[in-house]
Protein chains: 2
Amino acid sequence: MNTHEPPSRRRRATLGDVARLAGVSSVTVSRVYREPQLVSPAARDRVEAAAAELAYIPNRLAAALASSQTHTIGVVVPSLTNGVFNDFLSALHNTLLGAGFQALVLDSRYLAANEERAIATLLGHHPEAMIVTGVDQTATARRMLEQSGVPVVQTMELTDDPIDINIGLSHPAAGYAALRFLLDCGARRIAHMMAPLDARAVRRREGFERELRANGLDPIVIHSTKPTSVSLGAELLGELLAAHPDVDAIWCSSDYLALGAMFECARRGIRIPDDIAILGFNDLELCAVAHPSISSVATPRYEMGQTTAEILLELLRGSGRRPADRRIDLGFEIRARDSTRRP
Amino acid sequence: MNTHEPPSRRRRATLGDVARLAGVSSVTVSRVYREPQLVSPAARDRVEAAAAELAYIPNRLAAALASSQTHTIGVVVPSLTNGVFNDFLSALHNTLLGAGFQALVLDSRYLAANEERAIATLLGHHPEAMIVTGVDQTATARRMLEQSGVPVVQTMELTDDPIDINIGLSHPAAGYAALRFLLDCGARRIAHMMAPLDARAVRRREGFERELRANGLDPIVIHSTKPTSVSLGAELLGELLAAHPDVDAIWCSSDYLALGAMFECARRGIRIPDDIAILGFNDLELCAVAHPSISSVATPRYEMGQTTAEILLELLRGSGRRPADRRIDLGFEIRARDSTRRP
DNA sequence: AATCGAAATGACAGCGCTTTCATTTTGAAT
DNA sequence: ATTCAAAATGAAAGCGCTGTCATTTCGATT
């Protein structure tokens, strides 16, 4: 280690510096950025030249503090590595960015305590709205959100008791539908593969099991506390077959698990869908292109992000008008492909 | 649309509110958060009770403005949906979070203009350091980073002319090594599949082509301006075979492309590695578990994130000590698996 | 040339916190 | 009981910007 100079340790230029160089007051400089039409072209030019010369970058912290408008929206998702949230976030960004809002995203890694901390951190940045995943916030987190005074959206799943606005889909219903679909395809020894770290996966499983029992069948559920991944899918398939060699269908609570299970089947010479049918969840891009293509329960991830963003923008700009219904069900849809027999 | 009340529109509690309720001055409240050992236990208790009652959350904007310490680090990556950057970011978070720093992440979607804007936005938040991907910043972006006065790390790839600190690997060398590996496996009609949106992929290709020509072979390169994805891999395989039915090996510039190509081969009854060998890039988690398992050039993504974070923390806390060498090569490694013949 | 409203500009206070320095309180030592 | 350093607390200024309101400048009109 040696100690050479940082690239340039000098103080960053401020509004005042630009004003002095341009020979105007700092209010005028401020206006050049916020309401240029109020400034004469001559002054504007001088300010812009001065700003360029000083490589001036406005201090958003100061601006936000003074105007109490941060133009940011806080977002907490369970995972950044899961394709599901990528689609959601990218829709969010697409809609928000155009309106001059910026999303501050933190991940909770599927832990309620992390989520609580993330919410506190984000609220410290005074976002103009908050978006959280799911409906299982801790009591403290819920209270913080309520007290924050900003609009809150809970996404991805539905609840009867939303904090504020709720946009998502019913996971028990998805579980129910998945089971019906597999039954319709003629399966009878149906297993479920899941990662119970995800509260929504647990609720899907509940809908699934309920309907399974209603049909006089016994649930076969295999799970792991590890986060979902392709390799976990392969691993769980091994465990499943060791315990229940006669399964004829598997519903995987994520497409990654489905893909891993499919790879492991291929490795063992198990034919899909003839020996075992496989149904995924989410319908990620890879489902359609896999070989065999993977049947999956498609979730409206992009639409959830977009709807969330649109409603918030309407709320933030449009004089606080909120949707008539604070709970919006965006549904799901089963896409039948080659990894399941035809119904 | 109707216009019901937001959850609570009242002003958020401030330091002063807490102080008043606790019967102390606001400085004392501030100290309870920053240097609790300077406050008497009695006062501390009263402050904490008051803060809890008011659901007080410190305003980080104000704190940052007053102390000019934001405890944030700005990060720009090309894509949030790509597993490569997820590993990098998660290493970054793991190391930074423990030290009380928070990463503000923006994505450029592989566009230099977006990157420039993202850098400006992040600098507006006054981060204490900046991390950018690659070495192809626009002149303006480079100038902003230099002027910012904070440490800057360029990651993922190496350059002879870093802005400040540079941590990565040599992509031309990776291209060279990939070709050598395939040659050693006995391949002769070697194709390259890539998405030139990614500047690093272009440099890998250069290393690859140079060595190919040096061996008297003609480059077969198939590419698309779309971002990399599994389905793109399948699509490009179709195009490739239409133009060059006799290829015996394909190096895919991303594992997603490799997976897509593999699916498409399976669909067409092409055997891997017997008819065509496939080599990926990055060695994502799925390579090892795929069937057949995918050979890939492994990149030290996690290590890059961790090293970057550690060096920055050392720099920010440890009185500005910088690494002896401002350029750190973390290398790569070829993992031979079943999708290529044995060398 | 005088008048007047609109356009352009600036002075000043304040956003919620931290920093600095001064003051008060405490408790141990005489 | 005094003394004095250490511990605890507070008053005031200021971080860089914006909001508000007052003032100046300008061009058009009579």
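Our subject is the structure that appears above.
Residues numbered from 1 in each chain as written. Chains lettered and ligands numbered in written order. Predicted model: local features only at pLDDT ≥ 70, side-chain atom pairs only at ≥ 80, totals over all residues. Heavy atoms only, no water.

Peer 1: What is the right way to look at the side chain of Thr-70 of chain A in this model?
Peer 2: Secondary-structure assignment places Thr-70 of chain A in the loop between α4 (60-67) and β1 (72-77). At 2.6 Å, the side chain of Thr-70 of chain A forms a polar contact with the backbone oxygen of His-126 of chain A. When residues no more than four places from it in sequence are discounted, the contact partners of Thr-70 of chain A are Ala-64, His-125, His-126, Pro-127 and Glu-128 of chain A together with Leu-61 of chain B. (Helix = DSSP H or I, 4+ residues; strand = E, 2+ residues; numbered from the N terminus. Polar contact = N/O pair within 3.5 Å; in protein donor to acceptor, adjacent residues only side chain to side chain. Contact = heavy atoms within 4.5 Å.)

Peer 1: Mind showing me how you'd approach the protein's contact with DNA strand C here?
Peer 2: Taken together, the neighbourhood of DNA strand C is formed by 24 residues, with Thr-28 and Arg-31 of chain A together with Leu-15, Ser-30 and Tyr-56 of chain B sitting nearest. Here, DNA strand C places atoms within 4 Å of the protein, and 68% of those atoms are sugar or phosphate. The backbone of Ser-40 of chain A places a nitrogen or oxygen atom 2.9 Å from a phosphate oxygen of DNA strand C. Note that a phosphate oxygen of DNA strand C is positioned 2.5 Å from one of the side-chain N or O atoms of Tyr-56 of chain B. Elements with a contribution of two residues or more to the surface near DNA strand C: α2 (26-34) and α4 of chain A together with α2 (26-34) and α4 (60-67) of chain B. For the surface near DNA strand C, the element with the most residues is α4 of chain B, which contributes four residues. Class assignment of the residues belonging to the surface near DNA strand C gives a composition of 14 nonpolar, eight polar and two charged. (Near = heavy atom within 4 Å. Nonpolar A, V, L, I, M, F, W, Y, C, P; charged D, E, K, R; others polar.)

Peer 1: Is there a simple way to think about the nonpolar core in this case?
Peer 2: Nonpolar side chains in soluble globular proteins generally cluster together in the buried interior. Judged by nonpolar contacts, the single largest core of 90 residues is most densely connected at Met-193 and Ile-278 of chain A together with Met-193 and Ile-278 of chain B. Residue contacts for Met-193 of chain A: discarding those within four places in its chain leaves Ile-222, Gly-233, Leu-236, Leu-237, Leu-240, Ile-250, Trp-251, Cys-252, Ser-253, Leu-257 and Ala-261 of chain A. Core analysis: the next-biggest nonpolar cluster, separate from the first, contains 32 residues, Leu-145 of chain A together with Ile-57, Leu-123 and Val-132 of chain B among them. (Core = buried A, V, L, I, M, F, W, Y, C linked by side-chain atoms within 4.5 Å. Buried < 20%, exposed > 50% of the residue type's maximum accessible area, 1.4 Å probe, protein only.)

Peer 1: Looking at this model, I keep getting lost on the relation of the copies chain B and chain A. Mind explaining?
Peer 2: Each of the two chain copies can be brought onto the other by rotation about an axis and movement along it. Relative to chain A, chain B is turned by 180° and slid 0.0 Å along the rotation axis, the superposed coordinates differing by an RMSD of 0.1 Å. Such a combination of turn and shift is consistent with a two-fold rotation axis. Among all residues of chain B, the one whose C-alpha sits closest to the rotation axis is Leu-61 of chain B, at a distance of 2.7 Å. A share of 97% of the interface residues of chain B reappears at the interface of chain A, consistent with the copies meeting face to face through the same patch. (Least-squares fit on C-alpha atoms with pLDDT ≥ 70 in both.)

Peer 1: Can you help me understand unusual backbone geometry in this one?
Peer 2: Working note: non-glycine residues mostly have negative phi, and peptide bonds are mostly trans. All names here are of chain A. Omega for the bond connecting Ile-272 with Pro-273 falls within 30 degrees of zero, at 5°, which places this linkage in the cis form. Relative to the elements of secondary structure, Pro-273 occurs in the loop between α11 (255-268) and β9 (277-282). Of note, the bond from His-291 into Pro-292 is cis; its omega dihedral lies within 30 degrees of zero at -5°. Following the sequence through the fold, Pro-292 ends up in the loop between α12 (285-289) and β10 (295-298). For His-71, which is not glycine, the phi torsion reads 55° and is therefore positive. By secondary structure assignment, the location of His-71 is in the loop between α4 and β1. Residue Asn-282 is not a glycine yet carries a positive backbone phi of 110°. Its place among the elements puts Asn-282 in strand β9.

Peer 1: What is the right way to read the protein's contact with DNA strand D from this model?
Peer 2: Residues in close proximity to DNA strand D total 24 residues, the closest being Leu-15, Ser-30, Arg-34 and Tyr-56 of chain A together with Thr-28 of chain B. Considering DNA strand D, the proportion of its atoms within 4 Å of the protein that are sugar or phosphate atoms stands at 69%. The backbone of Asn-59 of chain A places a nitrogen or oxygen atom 3.2 Å from a phosphate oxygen of DNA strand D. Contacts to DNA strand D include Ser-40 of chain B, whose backbone N or O atom sits 2.9 Å from a phosphate oxygen.

Peer 1: Would you mind going over the interface of chain B and chain A with me for this structure?
Peer 2: One frequent convention defines the size of an interface as the accessible area lost when the parts assemble. Across the boundary between the two partners, chain B contributes 71 residues, which contact 69 residues of chain A. Around 6500 Å² of area is buried between chain B and chain A when both sides are counted, 56% of it from carbon and sulfur atoms. Where chain B meets chain A, there are zero salt bridges. If you look at where chain B meets chain A, you find 21 residue pairs in polar contact (both at pLDDT 80 or more). For the side of chain B that touches chain A, a count of residues per class yields 32 nonpolar, 24 polar and 15 charged. (Buried area = accessible area lost by both parts, 1.4 Å probe. Salt bridge = Lys/Arg side-chain N within 4 Å of Asp/Glu carboxyl O.)

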